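The primary structure of each chain is shown beneath.
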Amino acid sequence: MTGVRGARRVLLPVVGAVALVLLVMAVAHGVHRPGSAGDAYRRAHPAPTAVSSPRVPKDFRCPGEDPSPSPTGSPASDGATAQPGDHYAENHGFRVPFPLHGQRRCDGLSAVRQVENALRPLRERGDFTAKSARRALVATGFPDGGVRAQQDSGGVYFLVTVDETPLCVEGALYPAGLRADAFGGYPDHVGCDLPSGGH
């Protein structure tokens, strides 16, 4: 009998200690009971069901724009179209320019008109040199350091940094026509020039 009593005296504190440890662990890991304070909080504050996206300013008709406007063009997206299993578009997304919205779109359309008005006389007289194009754009009021022009056999390609936001206009002047498009820079890149590199 003494052996049983002695064993009980030793086991009771051990069992009590184990029970206490289990109780502390259950509280620390959170025992879920229906109707708990956690349930009340989750009912009052449901988890979001979708990721919110940044608001895009609403587009409206800009001064001087036709009643049935066509969307403001943006520079070529380097052919970055997604195909199943093709990661080209994903890996070259840094080369897709930001479109302009709201008042910035109107500012872009105004800058495009300014570029076209400056370069149209050059096209009419057949002057397709980078020097002439650059001079005409700077004379129109674009910042001297923000105008780049490059000549090739087909015509002149230009890039204008209108402001540091950035607001950019790029295009080409060639015998068959004049093209100018406004955009708002590139992802993960400062300025208007087409980024190189990537992943």
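Look above for the structure.
Conventions used here
Residues numbered from 1 in each chain as written. Predicted model: local features only at pLDDT ≥ 70, side-chain atom pairs only at ≥ 80, totals over all residues. Heavy atoms only, no water. Disulfide = S-S within 2.5 Å. Helix = DSSP H or I, 4+ residues; strand = E, 2+ residues; numbered from the N terminus. Buried < 20%, exposed > 50% of the residue type's maximum accessible area, 1.4 Å probe, protein only. Contact = heavy atoms within 4.5 Å. Axes fitted to C-alpha atoms, helices over the stretch in contact; angles between N-to-C directions. Parallel < 35°, antiparallel > 145°, perpendicular 65-115°, else oblique. Left-handed = near helix turned anticlockwise from the far one by under 90°. Phe/Tyr/Trp six-rings, centres within 6.5 Å; stacked < 30°, edge-to-face > 60°. Salt bridge = Lys/Arg side-chain N within 4 Å of Asp/Glu carboxyl O. Arc of directions from axis to C-beta.

## Structural notes on the state of the cysteines
Each disulfide consists of one covalent bond between the sulfur atoms belonging to two cysteines. One pass over the structure, following the stated rule, counts 2 disulfides. Disulfide pairing is shown between Cys62 and Cys106; the S-S distance is 1.9 Å. Because the torsion about its S-S bond is -80°, the bridge between Cys62 and Cys106 counts as left-handed. Of this pair, Cys62 sits in the loop between α2 (37–44) and α3 (88–91) while Cys106 sits in helix α4 (residues 102–124), and the two are 44 residues apart along the sequence. Cys106 matches Cys62 in its accessibility class, with the two residues each being buried. There is a disulfide in this structure between Cys168 and Cys192, and the S-S distance comes to 2.0 Å. Between Cys168 and Cys192, the S-S torsion sits near -80°, and that sign places the bridge as left-handed. With Cys168 in strand β3 (residues 167–174) and Cys192 in the segment after β4 (177–183), the pair connects residues that are 24 residues apart, well separated along the chain. This pair shows no difference in class: Cys168 is buried, exactly as Cys192 is. Of note for the protein: the bonded cysteines, numbered N- to C-terminal, pair according to 1-2, 3-4.

## Focus: unusual backbone geometry
One can expect most non-glycine residues to show negative phi and most peptide bonds to be in trans. The omega angle of the peptide bond from Thr165 to Pro166 is 0°, so this bond is cis rather than trans. As for its position among the elements, Pro166 is in the loop between β2 (155–163) and β3. Of note in this structure, Asp188 is not a glycine but carries a positive phi near 55°. Its place among the elements puts Asp188 in the segment after β4.

## Quick look at the side chain of Thr161
Examined against the element boundaries, Thr161 turns out to sit in strand β2. For Thr161, the contacting residues outside a window of four places in its chain are Pro143, Gly146, Leu167 and Cys192.

## Focus: the packing of α4 against helix α5 (residues 130–139)
Direction vectors running N to C along α4 and α5 enclose 140°, while the axes themselves pass 9 Å from each other. With respect to α5, the element α4 is oriented oblique. Once α4 is placed against α5, the crossing between them reads as right-handed. Of the residues in α5, those touching α4 at Val115, Ala118, Leu119 and Leu122 are Ser132, Ala133, Ala136 and Leu137.

## Details of the environment of Gly191
Relative to the elements of secondary structure, Gly191 occurs in the segment after β4. Between the C-alpha atoms of Gly191 and Thr165, which are 26 residues apart in sequence, the distance is 8.3 Å. When sequence neighbours within four positions are dropped, the list of residues in contact with Gly191 reads Pro166, Gly185 and Tyr186.

## What about the packing of aromatic side chains?
Applying the stated criterion to the full structure yields 1 aromatic pair. Each ring, one from Phe183 and one from Tyr186, has its centre 5.3 Å from the other, and the planes form 65°; the classification is edge-to-face. One exposure class covers both Phe183 and Tyr186, and it is buried.

## What about the pattern of salt bridges?
Following the criterion strictly, the structure yields 7 salt bridges and no others. As a salt-bridge pair, Arg105 and Glu65 come within 3.0 Å of each other at their nearest N and O atoms. Note that Arg105 is positioned in helix α4 and Glu65 in the loop between α2 and α3, a separation of 40 residues in sequence. With a relative accessible area of 6%, Arg105 lands in the buried category.

## As for α5
Of the residues making up α5, those classed as buried are Ala130, Ser132, Ala133, Ala136 and Leu137. For α5, the angular spread of the buried residues around the axis is 165°, confining them to a single face. Facing away from the buried side of α5, by more than 90 degrees, are the exposed residues Lys131 and Ala139. Next to the buried residues of α5 lie α4, β1 (147–152) and β2.

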